[in-house]
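Residue-level structural notes
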Amino acid sequence: MSQGDHEQHDHSEHHRMMIRDFRRRFFISLVVTVPILVLSPLVQELLGFSVQVTGAGYIIFALATFIFFYGGWPFLTGLVSELRERTPGMMTLIALAIGVAYVYSSAVVFGLEGRFFFWELATLIDVMLVGHWIEMRSVLSASSALEKLARLMPDTAHRKVDGEDSYEDVALSEVRPEDTLLVKPGEKIPADGTVVDGKSSVNESMLTGEARPVAKSDGEEVIGGSINGDGSLTVQVSGTGEESYLAKVITLVRESQEASSKTQGLADRAAFWLTVVAITVGVVTLTVWLLVGQDVQFAIERMATVMVITCPHALGLAIPLVVAVSTTKSAQNGLLIRNRTAFENARRITTVLFDKTGTLTEGVFGVSSVEPLHSDYDENRVLALAAALEQNSEHPIAAGILTRAREAGVKVAGVEDFEAIKGQGVTGRVEGRRVAVVGPSYFAEHGLSVPGTEDGGQGDGGPAGDAGEAGGGPAGGTRVYVLSEDEPVGSIVLSDRIRPESRQAVRTLQARGIACRMITGDNEETAAAVAGELGMDGYFAGVLPHEKQERVVELQQEGEFVAMTGDGVNDAPALARADIGIAVGSGTDVAAETADIILVNSNPQDVTALVLFGRATYRKMVQNLIWATAYNVVAIPLAAGALFWAGIMISPAVGALLMSLSTVIVAINARLLRVERAAA
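The shown structure was predicted, so the numbers you read here are calculated from the model rather than taken from an experiment.

It is worth spelling out the pairing of strand 5 (residues 200-203) at this point. Looking at chain direction, strand 5 and strand 6 (residues 214-216) are connected through three bridges and run antiparallel. Directly across from valine 202, in strand 6, lies its bridge partner valine 214. In this structure, strand 5 lies alongside strand 8 (residues 227-228), joined through two bridges in antiparallel fashion. Across the sheet, residue valine 202 finds its bridge partner in strand 8, namely asparagine 228.

This is the structure we're talking about:
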């Protein structure tokens, strides 16, 4: 494990420890809060019940003291740290509020005239603990994306023994450049390298976004973490560790996440000024009343009332409460919110970048057409022969043909003498006849003309399913041929099908002034065909993972607020760099962990719902902030005694009640949030 991996692991473990600590403190404090609420006189008055216990005040004091020091410990130590670093923030403000509440209430218990409000102290600590617990969970889930990326690599490799024709199993950390590795069928490729022997199809979709397995033979490069197909490959290693393709993707994700975290500075500045206001108003209130001749008890009571009312309960919860409600409701409607700030900012989206494979398309092969090439064969008979062979194959094209056969209700016969022709296709005996499903490379190998080619050319080589446009397939499609006794009787075209919801998603977003562009690693012809069919505003073709990130940055520099929607490892850096990263639920765990928002139903149309719901959420946030601010503007002067001359004053207990009341109003308003969705 590299130093960077160790640092990442230690960082994640530290966050896990903090999450466990906040969770434990919250639940224990919550249990102790219950008797405090039951025994508090003001709570009894409000709820209309009475519980008389001898020494109730001292019992409440003891319980509140426990909560103050146990539940409030993270905030008290946070106060010390922030003051030591001369950066007072939210921890300072929370510690100040609970400190004043505790000291004043304790003084009341031991003789100072007034009414204590330990119940407010306890509930304030409970709320702040659960808020920080949720926040820490969000931080950890964001950092876990890098760990999931690293898990794509296998633990061991089959390395050739020097001077021998045998192989030994070694740990991946022992593999070095120039080593020769054997990759068996179905295994993950252990490292970047070049094929020196063998032929196979390699699934690179997790890394490059390309849906079709890519044919690999001598001299071609392979990427560590991709999955080998049904052939064996001998690979000479070119890159390991930090020099590997996957490691570079991990670095891009880490850098993007660190860059986006700088926006947290805004919240710190807001907390700083809120702290300044609370301290200033409290001290001024105490000083003024002492100067005008009031006694110490009165001055302390006024200061305590100000400090409690200035406590950021309603103001601090105005946004989190709305987001907590919106996060729950959005999850019930197919939107999983991981980054709450990004969700709120969905209203600002001006451009949505859609990855093609697995996002706009289904990411799996489907039969787009079946064409008979012989008068004795119709579509169903061609499909039946192909399905009979492919039922013994694990190739992605086989899955597409078998799915179409089931949908068409075709009866699939058994197969005998099945054989995979490496790099060309499959063959066997079906109902006594020799049948084959092959790609154009089969014709080239046997010196035959590819059916349908006017010049009698041999077509492109490669196994069935890796022929690309060879043999007359459409843009982005793959054509395979069905032979019966070596005579072509039909052809089948397979392609990565466009999701039915993609067209509506593009139209509804464009109707709201949001540009829709496609970004893909596929070739120009395929990209143009899909973008044209969907009516996109533009597309980027042949884009590598680091280039996807660069395209996002270019759009941002042009003033666009960019949402990136994708599903693969190759999308992870772009998802992290975009203003809002959106992963489809059917995609990889890495994409989901890197993204801010996950479309659980893998429905591109939910991007529109995200924008609408984000706007509604923002409106609720503004409403709550206006209320919380207006409440403080009115309540703080009253708490300080500005209308004392008119006989109007607020006691500390009433101040605590008003603060709680403002929180209830904020919470009710948050619950009124409704999910908006685009019209189908």
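Moving on to the nonpolar core. Core analysis: the biggest nonpolar cluster contains 41 residues, and Ile36, Ile98, Phe118 and Leu121 have the highest contact counts within it. Per-element tally for this core: the top contributor is helix 5 (residues 90-109), with 11 residues. Every residue in contact with phenylalanine 118, bar those within four places of it in the chain, is listed here: Ile36, Ile60, Phe61, Ala64, Tyr102, Ser105, Ser106 and Val109. Ranked by size, the runner-up nonpolar core spans 38 residues in total, among them Ile514, Met518, Met536 and Leu610.

On to the sheet that holds strand 5. As summarised here, the arrangement of the three strands in space is 6-5-8, forming an open sheet in which the pairing is antiparallel. This sheet does not close on itself; its edge strands, each paired only once, are strand 6 and strand 8.

All right, on to the pattern of salt bridges then. In this structure the tally under the stated criterion is nine salt bridges. Where arginine 479 meets glutamate 371, a salt bridge forms, and the shortest distance between an N and an O atom there is 3.4 Å. One end of the pair, arginine 479, is in strand 16 (residues 477-484); the other, glutamate 371, is in strand 12 (residues 361-372), and 108 residues separate them in sequence. Since its relative accessible area comes to 38%, glutamate 371 is described here as partly exposed.

Thresholds, definitions, all that
Residues numbered from 1 in each chain as written. Predicted model: local features only at pLDDT ≥ 70, side-chain atom pairs only at ≥ 80, totals over all residues. Heavy atoms only, no water. Pairing = 2+ DSSP bridges. Helix = DSSP H or I, 4+ residues; strand = E, 2+ residues; numbered from the N terminus. Core = buried A, V, L, I, M, F, W, Y, C linked by side-chain atoms within 4.5 Å. Buried < 20%, exposed > 50% of the residue type's maximum accessible area, 1.4 Å probe, protein only. Contact = heavy atoms within 4.5 Å. Salt bridge = Lys/Arg side-chain N within 4 Å of Asp/Glu carboxyl O.

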